[in-house]
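Chain by chain, the residues:
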Amino acid sequence: MVHGWSEPWTDIVHSAEEASYLEPTMALVRYGDPLHIERLMETASNVEYWTGITGPGHRHFRSNFFTADRMKTEGHFGRDVGLNATAMMASMYLAWYCHHPTASTHLTEWIGAWVEDAMAEAPDKPAGEIPAWVGFETHEIGPAREVYLAELTMMMNAAYQLTGDETFVQPLAGYLEREHQRWPQVLNMAAADLRRALGPGEWDELLLATADERLQRIRDDSFFQRGLYYDELPGVLGGLITGDLGYLEATCYHAWRNNRRARRIYTEIDPHKDRVYPWARYVLPWMYCGGNALDGRGSAPWPTVAVSWDAGYDFAALVRERTDERLVVTAWNFGEARRVGMRIWAMAPGTYRVTVRPQGGTGVQREMVLERGMPVPIDLPAQGSAEIELALIEAGDWSPERADLALSAIEGVAVQDGRLTVIVHNIGALDAPACRATVAVGGQMIAEAQVPAIAAPGDFLPRTAEVSLDLPAGVAGEMIAEAQVPAIAAPGDFLPRTAEVSLDLPAGVAGEAVVTIDADGAIPEVTELNNALAAEL
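Residues numbered from 1 in each chain as written. Predicted model: local features only at pLDDT ≥ 70, side-chain atom pairs only at ≥ 80, totals over all residues. Heavy atoms only, no water.

K.L.:
Hey, could you go over the side chain of Thr67 for me, with residue numbers and the actual values?
P.N.:
Relative to the elements of secondary structure, Thr67 occurs in the loop between β2 (59-61) and β3 (79-81). Polar contacts involving the side chain of Thr67 include one to the side chain of Asp69, which spans 3.0 Å. Apart from the residues lying within four places of it in its own chain, the contact partners of Thr67 are Trp5, Ser6, Glu7, Pro8, Trp9, Tyr49 and Trp50. (Helix = DSSP H or I, 4+ residues; strand = E, 2+ residues; numbered from the N terminus. Polar contact = N/O pair within 3.5 Å; in protein donor to acceptor, adjacent residues only side chain to side chain. Contact = heavy atoms within 4.5 Å.)

K.L.:
Outline the sheet that holds strand β19 (residues 512-517), listing residues and values.
P.N.:
Within a sheet, neighbouring strands are paired by backbone hydrogen bonds and run either parallel or antiparallel to one another. Here we have 4 strands laid out as an open sheet, ordered β17-β16-β19-β20, and antiparallel in their pairing. Sheet topology places β17 (444-451) and β20 (532-536) at the edges, where each strand pairs with a single neighbour. With direction set aside, neighbouring strand axes in the sheet form an average angle of 20°. In this structure, β19 lies alongside β20, joined through 5 bridges in antiparallel fashion. Paired with Val515 across the strands is Leu533, a residue of β20. (Pairing = 2+ DSSP bridges. Axes fitted to C-alpha atoms, helices over the stretch in contact; angles between N-to-C directions.)

K.L.:
So what's going on with the pairing of strand β5 (residues 307-310)? Residues and values would help.
P.N.:
Side chains of β5 alternate between two faces, with Val307 and Trp309 buried and Ser308 and Asp310 left unburied. Pairing of β5 with strand β8 (residues 338-344), which is carried by 4 bridges, proceeds in the antiparallel orientation. Along β8, the bridge assignment pairs Ser308 with Arg343. (Buried < 20%, exposed > 50% of the residue type's maximum accessible area, 1.4 Å probe, protein only.)

K.L.:
Please give an account of the pattern of salt bridges that cites residues and values.
P.N.:
Applying the stated criterion across every chain, the model contains 18 salt bridges. Here Arg436 ties to Glu448 by a salt bridge, and the two come within 3.1 Å at their closest N and O atoms. Remark: Glu448 occurs in strand β17 and Arg436 occurs in strand β16 (residues 435-441); sequence separation between them is 12 residues. Given the relative accessible area of 24%, Arg436 is considered partly exposed. For Glu448, a relative accessible area of 44% puts it in the partly exposed group. A salt bridge links Arg463 to Asp459; the shortest N-O distance between them is 2.9 Å. (Salt bridge = Lys/Arg side-chain N within 4 Å of Asp/Glu carboxyl O.)

K.L.:
Can you lay out helix α7 (residues 101-119) for me, pointing to particular residues and giving the numbers?
P.N.:
Helix length check: α7, at 19 residues, gives a terminal C-alpha distance of 27 Å against a target of 27 Å (1.5 Å per residue), a fit within 8%. Those residues of α7 not exposed but buried are Ala103, Ser104, His106, Leu107, Trp110, Ile111, Gly112, Ala113, Trp114, Val115, Asp117 and Ala118. (Expected span 1.5 Å × (residues − 1).)

K.L.:
So what's going on with the side chain of His58? Which residues, and what values?
P.N.:
On the secondary structure map, His58 appears in the loop between β1 (51-53) and β2. Note on His58: relative accessible area 7%, which makes it buried. Engagement of the side chain of His58 in a polar contact is seen with the side chain of Asp117, the distance being 3.2 Å. With residues up to four places along the chain from it excluded, the contact list for His58 reads Gly52, Ile53, Ala113, Glu116, Asp117 and His139.

K.L.:
Before we move on, can you summarise the packing of aromatic side chains with the specific residues and values?
P.N.:
Tallying each qualifying case throughout the model produces 17 aromatic pairs. With a centroid separation of 6.0 Å and an interplanar angle of 70°, the aromatic rings of Trp9 and Phe65 are classed as edge-to-face. Residue Trp9 is found in the segment before α1 (12-15), and its partner Phe65 is found in the loop between β2 and β3; the two are separated by 56 residues along the sequence. On the basis of relative accessibility, which here comes to 33%, the residue Trp9 falls in the partly exposed class. Their ring planes at 25° and their centres at 6.4 Å tell us that Trp50 and Phe61 sit as a pair that is stacked. Note that Trp50 is positioned in helix α5 (residues 47-50) and Phe61 in strand β2, a separation of 11 residues in sequence. (Phe/Tyr/Trp six-rings, centres within 6.5 Å; stacked < 30°, edge-to-face > 60°.)

K.L.:
Explain the packing of α7 against helix α8 (residues 150-163) to me, using residue names and the numbers behind them.
P.N.:
In the contact formed by α7 and α8, the axes pass within 10 Å of each other and the chain directions differ by 125°. Overall, the two elements α7 and α8 adopt an arrangement that is oblique. Seen from above, α7 lies across α8 with left-handed handedness. Seen from α7, the contacting residues are Ser104, Leu107, Thr108, Trp110, Ile111, Trp114 and Val115; seen from α8, they are Leu152, Met155, Met156, Ala159, Leu162 and Thr163. Residues that form the contact of α7 with α8 fall into these classes: 10 nonpolar, 3 polar and no charged. (Parallel < 35°, antiparallel > 145°, perpendicular 65-115°, else oblique. Left-handed = near helix turned anticlockwise from the far one by under 90°. Nonpolar A, V, L, I, M, F, W, Y, C, P; charged D, E, K, R; others polar.)

K.L.:
Any details on the pairing of β8? Residues and values, ideally.
P.N.:
Pairing of β8 with strand β11 (residues 375-380), which is carried by 6 bridges, proceeds in the antiparallel orientation. Looking across to β11, one finds that Arg339 is bridged to Asp379.

The following block contains the structure:
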């Protein structure tokens, strides 16, 4: 990797893989970790080099064959193509995370140009259809071929999710209104997001007809190796429009059956040389989480999942109802009674009434203030299910357009010579004012220091400050307690030999220290989940 992009000089399909097929995913999986946001910033900083403004004032890629410092522009290499969407992935995730102003502008200008070119009529393309390419120097609009457009249409959906401007999805609605034969391939994962966002429409008949056709194909035992858009998408749409779980049940059975058949082909018999396309990677995020997130090429979809789960194995979930302000989920636990984590993503921020009704039991209610990324603990009965309901009581004022002070678990905490030092990042869209940092042991504050004001990384360059806190004597290397360890026999009979030893610590010292920035909670942030780190003293 060089400057956030693959070093080998090759086509966009392969050069994007290292930067766009994994790192954006980590921004969601390790939410708020500055390591991943700053890696995305490094990748997104290349957009000014990769793109430019054409004659009509459109932002387009100059090439489809580039690195961070080289590109081919002669002939067909000098065209913007749909797969260039993978090079815009970092910008899209920065727009999602904090509405990064430059990244958001790059995304909306670029996809806005594609929308205008799609709606324009060209010699080999009717108005309303997405061209296969756009020449940068000449702004020649290429033919309509429906080749590698899925990443582009998902970016149209992303721009709509970011702005709420339906202009960005005008071409997508057009494919449905015209009942275009290949609409499932063109709209791809954006189809279900579009239907849920815009509600019932005149094309519902088309969507259900396709869902019913695919349902019959499943009954006929059809098989297609890359069949996600052919068979899983209609199942999601059928369930979304009608509420009939039969569409989802058939789709899941189809996925299980085809994965069972393909397992030995992909593993023991003929290991796949490029990519494996496991079935159910489209339908399961909709069933478990209520939307798209990590289920596409290059992490392509804008995250529209309502929830994600920290539940391990022996667990299943079905999102039965989902709006911005209400969520109903059935969760199954196939093991012992336990607590699982449900993390909120695309629900409206605010105060929610959280109700958990175990099967055959009494519902338990509590109120929680929730915003994006917040965990909700859920207690599930042994070998049973529970219905979980979230209902918005009072809207909140959370917005991603904030500062975001952050500590990185990768960088950790340094303790030396009586000083504890951390690196504080601002990974938000706004400047972060000065604030207070503290160190607490056993819940008791033992040190504090001032965190200086940190500017927002609007130019994609990391903004950090090193903060050191002086620790009291006895907490940073000096012996503060002692005790006798008794003789312990060898475990010759394979049985453990142990002894419990207790040491009396001075007041305020309990072994683990927690460093917290903005300890007073004075700064509105994208998330406060990244404001604390634990360290052994």
